[in-house]
Amino acid sequence: MSKQPFLTSAASISFEIFPPKKWENFPNLYETLDSLKQLNPEFISCTYGANGSNSKKTAEIVSYIQNQLKIEGIAHLTCAALTRESFLSTIETFQAMGIHNVLALRGDKPQDMTEEEFAARTYKHPSELISELKAAGFTVAAACYPEKHYEAASMEEDLHYLKHKVDQGADFLISQLFFDNDIFYRFMELTAKAGINVPIEAGIMPITSAKMIGTTINLSGASIPKKMTDLLAKYQDNPEDMRKAGIEYATDQIRDLREHSVKGIHIYTMNNARTAGDILAQL
Ligand code: FAD
């Protein structure tokens, strides 16, 4: 089992993908993954349904990344619907499938859960999973929020709990997406002051259509700078130009991050290898 923390080298790129809704769409996803492999990522992570519904798919996909593509694969795992039994069986499944990297998350309340059920969940926060995952030999990542998590009363409070995740053994952090690099640079300063010394991957999402702003972006809580609003206003009726402009925006963000010595860039691909490839070609 690999115990190497990632991001020890110079500039790296990694990708996030998500499982298709239907098993019959797996061949398409594997094609996407084969294309992403050509871009030489440091790792590829795969999301997990907050209610655990996609757990088998996540494991299948990460096993493909790890064992077939020979790239480090990271399985996301959320606390929201996890019981003691399902946590232990998930660990066993991951080990049996050769998966040794996990992104430990809380998850948001699944739609099919009441507030009371969510509040009564077995594992309240990912910090409770991290030490056990580490003890079982996994390399463990956790999430962080350059604009603070929406539930945290303050950035100080959020950083306090982030440090707790690191103290429990998180090897590195992956950031929520952001569009304003200055926010990320400030966050890096604050994490350093808080004694958080593990690598932090910068989350970048290319906005290739106007409708993405209304969905994924709203959920992330990322603030949208004027430069991005202007771009949306200009190209909202022209999908091809909007795509080009979105790719250019993400490319500029990554260039600037690299100039500021940010080593790890994590691209939220939305399962679109062409977009990821276009960005890397421009870099
Ligand atoms: P936490 O670390 O628990 O933080 C949530 C809130 O609780 C924060 O306000 C924090 O300050 C506070 N907190 C943390 N620890 C404690 C503690 N010990 N005691 C009291 N308060 C505490 N969701 C999915 O469903 N599936 C995915 O695959 C997925 N992947 C993601 C990948 C990334 C990189 C990111 C950034 C998010 C992802 N999410 C995913 C969304 C995530 O589940 C939500 O943002 C969720 O609301 C918080 O998850 P967390 O792990 O950051 O939670």
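The structure this text deals with has already been given above.
For the structure given in this document, a descriptive report is provided here. Given the structure is predicted, the values throughout are model-derived calculations rather than measurements.

## Comments concerning the site of the ligand
As a structural note, the neighbourhood of the ligand is formed by 26 residues, with Asp108, His125, Tyr145, Asp158 and Lys165 the closest of them. Measuring from an oxygen atom of the ligand, one finds a backbone N or O atom of Gly107 at 3.0 Å. At 2.6 Å, a side-chain N or O of Asp158 approaches an oxygen atom of the ligand. Compared with its free state, where it exposes 970 Å², the ligand has 87% of that area covered by protein.

## Observations regarding the sheet that holds strand 6 (residues 172–177)
Ordered by their spatial adjacency, 8 strands build a closed barrel running 1-2-3-4-5-6-7-8, and the pairing between neighbours is parallel. The mean inter-strand angle of the sheet, taken between neighbouring strand axes irrespective of direction, is 25°. When strand 1 (residues 12–17) meets strand 8 (residues 264–268), the two strands line up parallel, connected through 5 bridges. Among the inter-strand pairings, Ile13 is bridged to a residue of strand 8, identified as Ile265. Along the sheet face, helix 6 (residues 155–167) touches strand 5 (139–144) and strand 6 and points at about 175° away from the line of strand 5.

## Some thoughts on the packing of helix 7 (residues 181–193) against helix 10 (residues 239–259)
Closest axis-to-axis distance for the helix 7/helix 10 pair is 10 Å, and the angle between their directions is 30°. As far as their axial angle goes, helix 10 and helix 7 are roughly parallel. Helix-helix and strand crossings are classified by hand; for helix 7 and helix 10 the assignment is right-handed. Residue-level contacts link Asn181, Phe184 and Tyr185 of helix 7 to Gln253, Asp256 and Leu257 of helix 10. The class makeup of the residues in the contact of helix 7 with helix 10 is 3 nonpolar, 2 polar and 1 charged.

## Focus: helix 11 (residues 273–282)
What helix 11 keeps buried is the set Ala273, Thr275, Ala276, Gly277, Ile279 and Leu280. Looking at the buried side of helix 11, the elements it contacts are strand 1, helix 1 (26–37), helix 10 and strand 8. Where helix 11 begins, one side-chain oxygen reaches toward the backbone nitrogen of Arg274, 3.1 Å away; that side chain belongs to Asn272.

## Regarding the nonpolar core
Within the largest apolar cluster, 62 residues are counted, with the highest numbers of intra-cluster contacts made by Leu33, Leu129, Leu133, Leu173, Leu257 and Ile265. Once residues lying within four places of it in the same chain are set aside, the contact partners of Leu173 are Ala142, Cys144, Leu162, Val166, Ile196, Val198, Pro199, Ile200 and Glu201. Counting residues in each nonpolar core, the second largest holds 23 residues, with Leu103, Leu105, Phe179 and Tyr249 among its members.

## Considering the packing of aromatic side chains
Taken as a whole and assessed by the stated rule, the structure comprises 7 aromatic pairs. Connected via pairs of aromatic rings, a cluster forms that spans Trp23, Phe26, Tyr30 and Tyr64. For Arg121, the ring lying beneath its charged end belongs to Phe118, and the centroid distance is 4.3 Å.

## Focus: the environment of Arg121
Among the secondary structure elements, Arg121 is positioned in the loop between helix 4 (115–119) and helix 5 (127–135). Sequence-wise, Arg121 and Thr58 are 63 residues apart; in three dimensions their C-alpha atoms are separated by 21 Å. Ignoring any residue separated from it by four or fewer positions in sequence, one finds Arg121 in contact with Ala80 and Arg106. Reaching out from Arg121, the side chain makes a polar contact with the backbone oxygen of Tyr123 at a distance of 3.4 Å.

## Notes on helix 9 (residues 226–235)
Those residues of helix 9 that fall on the buried side of the exposure criterion are Met228, Leu231 and Leu232. The buried residues of helix 9 all sit within an arc of 100° when viewed along its axis, so they share a single face. In this structure, helix 9 carries Lys226, Lys227, Ala233 and Lys234 as exposed residues pointing more than 90 degrees from its buried face. For helix 9, the elements touching its buried residues are helix 8 (210–220) and helix 10.

## Re the state of the cysteines
In this structure the tally under the stated criterion is 0 disulfides. Cys79 takes part in no disulfide bond, and the closest cysteine sulfur, belonging to Cys144, lies 16 Å away. Judged by its relative accessible area of 0%, Cys79 is buried.

Conventions used here
Each chain carries its own residue numbering, running from 1 in the direction its sequence is written. A pLDDT threshold of at least 70 governs which residues receive local features in this predicted model, and a stricter bar of 80 or more applies before side-chain atom pairs are shown or counted, although totals over entire chains, interfaces and linings include all residues. Excluded from the side-chain calculation are hydrogens and water; included are all heavy atoms of the structure. Being near a molecule or strand, for a residue, means having at least one of its heavy atoms within 4 Å of it. We define a polar contact as two N or O atoms separated by no more than 3.5 Å, with the added condition that, inside protein, one atom must be a possible hydrogen donor and the other a possible acceptor, whereas residues neighbouring each other in sequence contribute only through side-chain atom pairs. Working definition of accessibility: Shrake-Rupley area with a 1.4 Å probe, residue cover restricted to the visible protein chains. By this definition, two strands are paired if DSSP reports at least two bridges between them. A run of H or I in DSSP counts as a helix once it spans at least four residues, and a run of E counts as a strand once it spans at least two, with each numbered from the N terminus. Fitting a line to C-alpha atoms yields each axis, with helices limited to the stretch in contact; the angle taken between N-to-C directions then spans 0 to 180 degrees. Contacts were defined at the residue level, with two residues in contact if any of their heavy atoms lie within 4.5 Å. Note that the term roughly parallel is reserved for angles under 35 degrees, roughly antiparallel for angles over 145, roughly perpendicular for angles of 65 to 115, and oblique for everything else. Two helices crossing with the near one rotated counterclockwise from the far one by less than a right angle form a left-handed crossing, whereas a clockwise rotation gives a right-handed crossing. Gly falls in the polar group here, along with every residue not listed as nonpolar (Ala, Val, Leu, Ile, Met, Phe, Trp, Tyr, Cys, Pro) or charged (Asp, Glu, Lys, Arg). Exposure categories follow from relative accessible area, calculated using a 1.4 Å probe and restricted to protein chains: below 20% of the type maximum is buried, above 50% is exposed, and the middle band is partly exposed. Only buried Ala, Val, Leu, Ile, Met, Phe, Trp, Tyr and Cys residues count toward a nonpolar core, and they belong to the same one when joined by side-chain atoms within 4.5 Å. Side-chain rings of Phe, Tyr and Trp (the six-membered ring for Trp) are treated as a pair once their centres are within 6.5 Å; stacked means planes under 30 degrees apart, edge-to-face means over 60, and tilted covers the remaining angles. A positively charged side chain is recorded as over a ring if its NZ (Lys) or CZ (Arg) lies within 6 Å of the ring centre. The angle to the ring normal must also be within 35 degrees. Directions from the helix axis toward the C-beta atoms define the arc. Any pair of cysteine sulfurs within 2.5 Å is marked as a disulfide.

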